[in-house]
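Observations on chain architecture
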Amino acid sequence: MPEITPSISKNELICTETPGDPCGMIVFGASGDLTKRKLLSSLFALYTQELLSEKFYFIGCGRKDISDGEYRKTCQDILAEDCKEPSRCEDFLSRIYFINGDYGDPSFYKSIKIKVADLDKKNNVDGNHIFYLSVPPQIYPVIVQNLCSSGLSCKENKDLVQKVRLIVEKPFGRNLNSAKELNNIILRCFDESQVYRIDHYLGKETVQNILMFRFANAIFEPVWNLQYIDHVQITIAESLGIEHRGGYYDQSGAVRDMFQNHMLGMLSLVAMEPPASFEANHIRNEKVKLLECIRPLDLDAWSRNIVTGQYAAGQIDGKDVCGYKDEEGITEDSTTETFIAAKMYIDNWRWKSVPFYLRTGKRMKKKVTEIAVSFKNVPHSMFSCFGIDELPANVLILKIQPNEGIELSFQAKRPGSKMCISTLRMNFNYADLFGTRAPEAYQRLLLDCMTGDQTLFIRQDDVEVCWSLVTPLLEKWKTEKMTPFTYPAGVESFSQADALIQNDGKKWRKL
Ligand code: BG6
């Protein structure tokens, strides 16, 4: 199909970026996977872009008995590929420290307090601290309570309350009750304005672009409703399996791991009403309002609107991969879903009766995350005299990853005397236009936290509404001992998932 590529002058871009405030970041679980894979490289990227304050320092906290020097060496190895100028790397590494201790031991927090006071003085940091929970969620309460009792959370301190922040990684609970319980524990020790619940999808450049696209252009919003939109498909397909996270994943499954958070988050951004301004609470209010309009799933007939699957052995990119039950840490009788597809409705004036089809799965054919908005067909084809009765509908695709961009398909005449219609794609690709891939989501989120901007973080009520949507279903499945269908690894889709959308006369988009 022909492609039309737009050109945008870089001079026309309007950019504002605020560098992070001076601060000390204290990461619990600093020898863990997240720090290695995301946090250090994101902080280093901010540093190289001069978005990290000169007064920034980092304290890794963990159980390992290692010195600052040993930890710095580990960080240096992690950053080896990103490090182009040795002197810059050395400077960055010199801001890194390590403290070891037991998360349940109050004396650990005393040592942190002493270290923080010392480094604040040395770096001229005025009480700005970010505590980052990157530990298994069952340890969250003990850390939060200790931060509180050691006086580090500063909820009651008028001068410091806005300077001390807590970043909490997902999962925020396993169901509605545990999410509420966790929120209660956190909010006893921190004010909501201090709490930054991370859903890294919201930090993805193209996810944020949903808001820009919808609300910085006048031409899309008038058609963004049930009059013009036939349906919306949201896909997060992954070719990866569960890697080495069997212990966590088997207790979670696709609903808890992806659907309750990333998928509902994207749904709320694509469907919410225009906020009054790009201000954290204005945006978060609209998100929550939208989530509250999602029609609760019909539990008596859930299988009409929901399909679950679990991958069996298959092939990805020509290579054999094992089935879910053969993954490390998974039992032979596991019924955990690695795929879910659901049809959802939003009961409000804008969306009543427009189906939203959501699907996410592991070990699918390829990694694709996108939101496809399918418009209605033209009301009448004036080209039927040429035998063209069925005109393809326009589809707008917000491509979240891996080829970040936006695509709009529309019909046009092919050159020549005959009446031939062709589908063209207007394609905007981040990498082509900006010569680089979109930045890592954590860069955005860490920087926002340093500047005290909660817009892209999840508020307490948001988490709870999302859980209230899926918890009844999870409970029903537990009582009914739901068993997912099986699909071979590496597939685009499978018959039961296809039926969900085909019953409505529609098709999943190709991955
Ligand atoms: C995480 C899930 O939140 O998101 C993982 O726990 C999943 O299971 C990951 O693989 C996907 O993130 P991304 O950014 O690679 O799409």
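This text follows the structure it describes.
Please read all numbers here as calculations on a predicted model, not as lab measurements.

**Notes on the pattern of salt bridges**
This structure, assessed with the given rule, holds 28 salt bridges. Across the pair Lys170 and Asp257 runs a salt bridge whose closest N-O atoms are separated by 3.3 Å. Within this pair, whereas Lys170 is found in the loop between β6 (164-168) and α6 (176-189), its partner Asp257 is found in helix α8 (residues 246-271), the two being separated by 87 residues in sequence. The partner of Arg350 in a salt bridge is Glu273, and the shortest N-O contact between them spans 2.8 Å. Note that Arg350 is positioned in the loop between β12 (339-344) and β13 (356-361) and Glu273 in the loop between α8 and α9 (280-293), a separation of 77 residues in sequence. Judged by relative accessible area, Arg350 falls into the buried class, the value being 12%. The class of Glu273 is partly exposed, set by a relative accessible area of 25%.

**Details of the side chain of Gln401**
With respect to the helices and strands, Gln401 occurs in strand β15 (residues 395-401). At 2.7 Å, the side chain of Gln401 and the side chain of Lys204 are in polar contact.

**Quick notes on the site of the ligand**
The local shell around the ligand consists of Lys170, His200, Tyr201, Lys204, Glu238, Arg245, Asp257, Met258, His262, Lys362, Lys367 and Gln401. Note that an oxygen atom of the ligand is positioned 2.5 Å from one of the side-chain N or O atoms of Glu238. Protein contact buries 81% of the 400 Å² of open area that the ligand shows by itself. Among the elements that take part in the shell around the ligand, α8 stands out by supplying 3 residues, more than any other. Among the residues forming the shell around the ligand, the class breakdown is 2 nonpolar, 3 polar and 7 charged.

**Some words on the sheet that holds strand β5 (residues 129-133)**
If you walk across this open sheet you meet the 6 strands as β4-β3-β2-β5-β6-β7, and the pairing is parallel. One side of each edge strand has no neighbouring strand; the edge strands of this open sheet are β4 (96-100) and β7 (195-197). On average, each strand axis in the sheet is inclined to that of its neighbour by 20 degrees, with strand direction left out of account. Strand direction decides the pairing type here: strand β2 (residues 24-28) and β5, joined by 5 bridges, are parallel. When the bridges of β5 are listed, Phe28 appears paired with Leu133. Each of β3 (57-62) and β4 touches helix α2 (residues 68-79); the most contacted strand, β4, lies at about 120 degrees to it. Each of β2, β3, β4 and β5 is contacted by helix α4 (residues 106-123), which is oriented at about 170 degrees to β3, the strand it contacts most.

**Topic: the environment of Asp498**
For Asp498, the position within the fold is in helix α14 (residues 495-502). C-alpha of Asp498 to C-alpha of Val307: the two residues are 191 residues apart in sequence and 9.4 Å apart in space. Those residues within four positions of Asp498 in sequence are excluded, and the remaining contacts are Ser493 and Trp508.

**Brief notes about empty space enclosed by the protein**
All chains considered together, the criterion is met by 3 cavities of 30 Å³ or more. Reported here for the largest cavity is a volume of approximately 80 Å³. Contributing to the lining of the largest cavity are Phe172, Asp199, Gln260, Asn261, Leu264, Gly265, Lys287, Ile458, Asp462, Val463 and Cys466. Those elements that provide at least two residues to the lining of the largest cavity are α8 and α13 (460-480). Among the elements that make up the lining of the largest cavity, the one with the highest residue count is α8 (4 residues). Together, Leu202, Val207, Gln208, Leu211, Leu269, Ile283, Lys287, Thr455 and Leu456 line the second largest cavity. Of the residues forming the lining of the second largest cavity, the biggest block, 3 residues, is contributed by helix α7 (residues 205-215). Looking at the lining of the second largest cavity residue by residue, the class counts come to 6 nonpolar, 2 polar and 1 charged.

Rules used throughout
- Per chain, residue numbering runs from 1 following the sequence as it is written.
- Only residues with pLDDT of at least 70 get local features here, since the model is predicted, and only at 80 or more are side-chain atom pairs given and counted; chain-wide, interface and lining totals rely on the full set of residues.
- To obtain the side-chain values, all non-hydrogen atoms of the structure were used and water was disregarded.
- We count a salt bridge whenever a side-chain nitrogen from Lys or Arg sits within 4 Å of a carboxyl oxygen from Asp or Glu.
- For helices the rule is a DSSP run of H or I covering at least 4 residues; for strands it is a run of E covering at least 2, with both sets numbered from the N terminus onward.
- Partly exposed residues are those whose accessible area sits between 20% and 50% of the maximum for their type, while under 20% is buried and over 50% is exposed, using a 1.4 Å probe and protein chains only.
- Polar contact is defined as a pair of N or O atoms within 3.5 Å, subject to the rule that within protein one atom must be able to donate a hydrogen and the other to accept it, and that residues adjacent in sequence are counted only when both atoms are side-chain atoms.
- Nearness is defined per residue: one heavy atom within 4 Å of the molecule or strand is enough.
- Surface accessibility in these figures is a Shrake-Rupley result with a 1.4 Å probe; residues are shielded only by whichever protein chains are displayed.
- Under the scheme applied, nonpolar residues are Ala, Val, Leu, Ile, Met, Phe, Trp, Tyr, Cys and Pro; charged residues are Asp, Glu, Lys and Arg; polar residues are all the others, including Gly.
- One bridge is not enough; two strands pair if DSSP finds at least two bridges between them.
- Think of each axis as a best-fit line through the C-alpha atoms, taken over the contacting stretch in the case of a helix, with angles from 0 to 180 degrees between the N-to-C directions.
- By definition in these notes, contact holds between two residues if any of their heavy atoms fall within 4.5 Å.
- Lining residues are defined by having an atom within 4 Å of a point belonging to a cavity or pocket. Those points lie on a 1 Å grid over the protein atoms alone, cavities being sets where a 1.4 Å probe fits but cannot get out and pockets being open sets with protein on both sides within 12 Å along at least five of seven lines.
- Grid points are joined across faces, edges and corners, and a volume is the space filled by probe spheres set on the points.

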